[in-house]
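# Notes for the structure review
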Amino acid sequence: MSKIRLLSTMAAATVLVLAGCGTADKTSTGKADASGLIPIKLQLQWFYQAQFAGYIAAVDQGFYSEQGLDVQLLEGGTDIVPQTVLAQGRADYAVAWVPKALASREQGAGITDVGQIFARSGTYQVAWKSSGITSPAQFKSKKIGNWGFGNEFELFAGMTKAGLDPGKDVTLVQQQFDMQALLKHEIDAAQAMSYNEYAQLLEARDPATGKLYTPDDFSIIDWKQNGSAMLQDAVWANTAKLGNPAYQQQTVKFLAGTIKGWAFCRDNLQKCRDMVVAKGSKLGKSHQLWQVNEVNKLIWPSTGGIGLVDSAAWKQTVDISLHTKNQTGDTVLKKEPDASAYTNDYINQALAQVKAAGVDVTGASFQPQTVTLEAGGA
């Protein structure tokens, strides 16, 4: 079987970013509207789901409005690149994975990570337990699914670390954003997020028994345990605008509201699930409850406070981005990002403000709940 060559993420990033160069700023000027609030646009990186529950809660519970902000959430999708929307001036802030955003930065997007909301990666590679696959080394000569478009570098880093050449030693299969290829045994291992696609497996019925599959039916390779995890969901701001004191203050306010939103979802799982469902999520109630619970695990506990960029995790992400090659020999980055790629200045101010208001910003006592999934995530 011939290897399926995925689209070059670097070429795609170049086109998307360069298309935005010179675009006029279409976002707020920092001035209040008739309601007395400053209008803000936040570009999400995917469709409405509990991956973004903290932002949805911050709007719904008034955490942004108490900061003087009227935040509009812009839904993402398959053809929306959040960091490009931000770079083009069509949003004030964006949520994006760090390696993808850094690739766009290298191609000219003036953006800065101001809040690293997810402290941990949620990416798995999942195989049937009956396959005997328990490590990346066992991918050799197997059909390995992945989404491409910048989502694949943890997988490639894991294979490279195991001594495999992703371009020669496996058959790469362009995977849809679901788990059907694995369920139908068309591939040997599938990419999955802990909070989404993995749950889709546990919501599916075993045709042999009529019962839902269980974790015992699958083997999980968790990149956090393999040393090839990369930073994911972060809040990105416009680098040039950060030279403006008004935008600086606005950024602190936006982050303060965001912190409160995620703290609320940590402590009010079902309420946040209901907000996400009411927002128009395409996935069901049990699936969204699972998702809030799993996303909380990627945030809490947070030793220094939610949103702080951990220098060691940042370095690991950059190192993988610089040195791990995909199947065409490309790396995410060609050079080290400059000092303006991230800053903890604004999140530290926001943490101090929210902590002074009595909000737990570290979640030291956080314990995830046990969520029961229903068929189809209903």
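As a reminder, the structure under discussion sits directly above these lines.
First, a word on scope: everything that follows refers to the structure included in this document.

The rules behind each value
Residues numbered from 1 in each chain as written. Predicted model: local features only at pLDDT ≥ 70, side-chain atom pairs only at ≥ 80, totals over all residues. Heavy atoms only, no water. Helix = DSSP H or I, 4+ residues; strand = E, 2+ residues; numbered from the N terminus. Rg over C-alpha atoms; globule rule 2.2 N^0.38 Å. Buried < 20%, exposed > 50% of the residue type's maximum accessible area, 1.4 Å probe, protein only. Contact = heavy atoms within 4.5 Å. Areas by Shrake-Rupley, 256 points an atom, 1.4 Å probe, with all protein chains shown as cover. Lys, Arg positive; Asp, Glu negative; His and termini not counted. Charge placed at Lys NZ, Arg CZ, Asp CG, Glu CD. Core = buried A, V, L, I, M, F, W, Y, C linked by side-chain atoms within 4.5 Å. Pairing = 2+ DSSP bridges. Axes fitted to C-alpha atoms, helices over the stretch in contact; angles between N-to-C directions. Parallel < 35°, antiparallel > 145°, perpendicular 65-115°, else oblique. Left-handed = near helix turned anticlockwise from the far one by under 90°. Nonpolar A, V, L, I, M, F, W, Y, C, P; charged D, E, K, R; others polar. Right-handed = clockwise from strand over helix to strand, strands pointing away. Salt bridge = Lys/Arg side-chain N within 4 Å of Asp/Glu carboxyl O. Phe/Tyr/Trp six-rings, centres within 6.5 Å; stacked < 30°, edge-to-face > 60°. Polar contact = N/O pair within 3.5 Å; in protein donor to acceptor, adjacent residues only side chain to side chain. 1 Å grid on protein atoms, 1.4 Å probe; cavity = no way out; pocket = protein on both sides within 12 Å on 5 of 7 lines; lining within 4 Å. Points joined across faces, edges and corners; volume = space filled by probe spheres on them. Disulfide = S-S within 2.5 Å.

### Focus on the overall build of the protein chain
Scanning the protein chain from N- to C-terminus turns up 13 helices and 10 strands. Computed over C-alpha atoms, the radius of gyration of the protein chain comes to 20 Å, within 12% of the 21 Å expected from 2.2 N^0.38 for 378 residues, which places it in the range of a compact globule. If you line up the protein chain on its principal axes, its C-alpha atoms span 60 × 45 × 35 Å. A total of 378 residues make up the protein chain; the buried ones form 56% of that total. At a minimum sequence separation of 6, the contacts of the protein chain that also span at least 24 residues come to 80%. Of the roughly 15300 Å² of accessible surface on the protein chain, 51% is carried by carbon and sulfur atoms. In the protein chain, which carries 34 positive and 35 negative side-chain charges, the distance between the mean positions of the two groups comes to 2 Å.

### Observations concerning the nonpolar core
Of all hydrophobic cores here, the largest spans 80 residues; its most connected members are L42, Y55, F254 and W262. Among the elements that line this core, the one with the most residues is helix α9 (residues 245–267), at 10 residues. Core analysis: the next-biggest nonpolar cluster, separate from the first, contains 23 residues, L86, A96, A109 and L333 among them.

### Thoughts on the sheet that holds strand β10 (residues 234–238)
One open sheet holds the 5 strands; their spatial order is β2-β1-β3-β10-β4, and the pairing between them is mixed. Since the sheet does not close on itself, it has two edges, and those belong to β2 (69–74) and β4 (111–115), each with one partner. Put simply, the sheet's adjacent strands are angled 30 degrees from each other on average, direction ignored. In this sheet, strand β3 (residues 93–96) lies alongside strand β1 (residues 38–43) in parallel orientation, the contact comprising 2 bridges. Looking at the pairing, L42 lines up with Y93 of β3. Most of the contacts of helix α4 (residues 98–106) go to β10, to which it runs at about 20 degrees, and overall it touches β3, β4 and β10.

### Considerations on the environment of G76
Residue position: G76 is located in the loop between β2 and α3 (82–87). Spatially, the C-alpha atom of G76 lies 9.7 Å from that of V95, the residues being 19 residues apart in sequence.

### Digging into the packing of helix α10 (residues 269–279) against helix α11 (residues 285–299)
The interhelical angle for the contact between α10 and α11, taken along N-to-C directions, is 125 degrees, at an axis separation of 9 Å. Between α10 and α11, the crossing angle belongs to the class labelled oblique. Where α10 crosses over α11, the two elements pack in a sense that is right-handed. Along its contact with α10, which presents L269, Q270, C272, R273, D274, V276 and V277, the element α11 presents K285, Q288, L289, V292, N293 and N296. Classifying every residue of the contact of α10 with α11 by side-chain character gives 6 nonpolar, 4 polar and 3 charged.

### Some points on the pairing of strand β7 (residues 171–174)
The side chains of a regular strand alternate between both faces of the sheet. Sheet topology places strand β6 (residues 143–146) next to β7; 4 bridges connect them, and they run parallel. Along β7, the bridge assignment pairs G145 with V173. Crossover connection from β6 via helix α5 (residues 153–161) to parallel β7: handedness right-handed.

### Section: the pattern of salt bridges
Within this structure, the stated rule accounts for 10 salt bridges. One salt bridge in this structure joins R266 and D267, with 2.9 Å as the shortest N-O distance. Between R266 and D360 there is a salt bridge, with its nearest N and O atoms 3.9 Å apart. Residue R266 is found in helix α9, and its partner D360 is found in the segment after α13 (345–356); the two are separated by 94 residues along the sequence. Given the relative accessible area of 10%, R266 is considered buried. What emerges from the salt-bridge pattern is a single network uniting R266, D267 and D360.

### Brief notes about the packing of aromatic side chains
All chains considered together, the criterion is met by 17 aromatic pairs. An angle of 50 degrees between the planes, with centres 6.2 Å apart, marks the rings of Y198 and W290 as tilted. With Y198 in helix α7 (residues 197–202) and W290 in helix α11, the pair connects residues that are 92 residues apart, well separated along the chain. When sorted by exposure, Y198 lands in the same class as W290, which is buried. Measuring from centroid to centroid gives 5.7 Å for Y213 and F218, while their planes differ by 65 degrees, and the two rings are edge-to-face. Look at F218 and you get buried, because its relative accessible area is 3%. The rings of W46, F47, W147 and F177 are connected pair by pair, giving a single aromatic cluster.

### A few points about the side chain of Q49
The residue Q49 is located in the loop between β1 and α2 (53–60) in this model. Side-chain polar atoms of Q49 contact the side chain of Q51, separated by 2.7 Å. Among the polar contacts listed, one links the side chain of Q49 to the side chain of N196, at a separation of 3.3 Å.

### Some thoughts on the layout of surface pockets
Size it by volume and the second largest pocket reaches roughly 350 Å³. Along the walls of the second largest pocket sit 23 residues, with A119, R120, L231, D310 and A313 positioned nearest its centre. Of all the elements, helix α12 (residues 311–323) adds the most residues to the lining of the second largest pocket, at 3 residues.

### Details of the state of the cysteines
The full count for this structure, using the stated rule, is 1 disulfide. Disulfide pairing is shown between C265 and C272; the S-S distance is 2.1 Å. Its torsion about the S-S bond being -90 degrees, the disulfide of C265 and C272 is classed as left-handed. Per residue, the accessibility class of C265 equals that of C272, and both read buried.

Coordinates in, geometry out; function isn't part of it.
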